[in-house]
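Observations on the model geometry
These are the residues of each chain, in order.
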Amino acid sequence: MAGGNAIRGSRVGAGPMGEAERGEAAPRRRLPFWCAHGHETRIAFADEADVPELWDCPRCGLPAGQDQTNPPPAPRNEPYKTHLAYVRERRTDADGDALLEEALTRLRARRGA
Ligand SMILES: [Zn+2]
């Protein structure tokens, strides 16, 4: 019963020329990325593709990394960062996170425009 499927499956990865050109047959890996907000994003990469160290979180725009326990910090080259860093020194972390959300929302709105 399962014999037919097993034979088919073994042929997909080791098929003759032509299969890879269609893209669909290329083997893929799904790798999780986590941003500083804890959003998990799973990105599918072709097996031969270079996997980037960072991936922009589609939900909040922060860079996301593959280490869930140590996500990358917010980018330092954003124009609001100086002000944000200044504000964060004077506030609790919770307030800082709220401000970060706010800043990111504004940034996203600007990018989308
Ligand atoms: Zn996120």
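Residues numbered from 1 in each chain as written. Predicted model: local features only at pLDDT ≥ 70, side-chain atom pairs only at ≥ 80, totals over all residues. Heavy atoms only, no water.

Next up on the list: the nonpolar core. Ranked by internal contacts, the top residues of the largest apolar core, which has 13 residues, are Phe 33, Cys 35, Phe 45, Cys 60, Leu 62 and Leu 104. Those elements that place two or more of their residues in this core are β1 (28-35), β2 (40-46) and α3 (93-112). (Core = buried A, V, L, I, M, F, W, Y, C linked by side-chain atoms within 4.5 Å. Buried < 20%, exposed > 50% of the residue type's maximum accessible area, 1.4 Å probe, protein only. Helix = DSSP H or I, 4+ residues; strand = E, 2+ residues; numbered from the N terminus.)

Turning our attention to the coordination of the zinc ion. Only Cys 35 (SG), His 39 (ND1), Cys 57 (SG) and Cys 60 (SG) from the protein coordinate the zinc ion, and they sit 2.1 to 2.3 Å from it. Relative to the metal, the four donor atoms surrounding the zinc ion lie at angles of 105 to 116°, and the coordination shape comes out tetrahedral. Binding-site remark: the zinc ion is held by donors from one chain whose sequence spacing is C-x3-H-x17-C-x2-C. Pair noted here: His 39 is in the loop between β1 and β2 and Cys 60 is in the loop between β3 (55-56) and β4 (63-65), with a separation of 21 residues, a long-range link. Judged by relative accessible area, His 39 falls into the buried class, the value being 14%. (Donors = N, O, S within 2.8 Å, 3.2 Å for Na, K, Ca; no water. Tetrahedral: all angles 85-135°; square planar, octahedral: opposite > 155°, others 65-115°.)

For sheets, the rule is that strands pair by backbone hydrogen bonds, running either parallel or antiparallel. Taken in spatial order, the four strands make up an open sheet running β2-β1-β4-β3, and their pairing is antiparallel. Looking along the sheet, the strands with just one partner apiece sit at the ends: β2 and β3. Taken together, the two bridges between β1 and β4 define a ladder with antiparallel strand orientation. Looking at the pairing, Trp 34 lines up with Gly 65 of β4. (Pairing = 2+ DSSP bridges.)

With that settled, the discussion passes to the confidence of the model for the protein chain. Confidence in the prediction of the protein chain, expressed as mean pLDDT, is 77, and 60% of residues score 70 or more. Taking the mean pLDDT of every element in the protein chain, the minimum, 51, falls on helix α1 (residues 3-13) and the maximum, 95, on β4. (pLDDT = per-residue confidence, 0-100.)

Right, let's get into the environment of Ile 43. If you trace the backbone, Ile 43 turns up in strand β2. C-alpha separation for the pair Ile 43 and Leu 31, spaced twelve residues apart in sequence, amounts to 5.4 Å.

Okay, the pairing of β1 next. As judged from the seven bridges shared by β1 and β2, these two strands associate in the antiparallel manner. Paired with Leu 31 across the bridge in β2 is Ile 43. From the end of β1 to the start of β2, which pair antiparallel, there are four residues, and Gly 38 there has a positive phi angle of about 85°.

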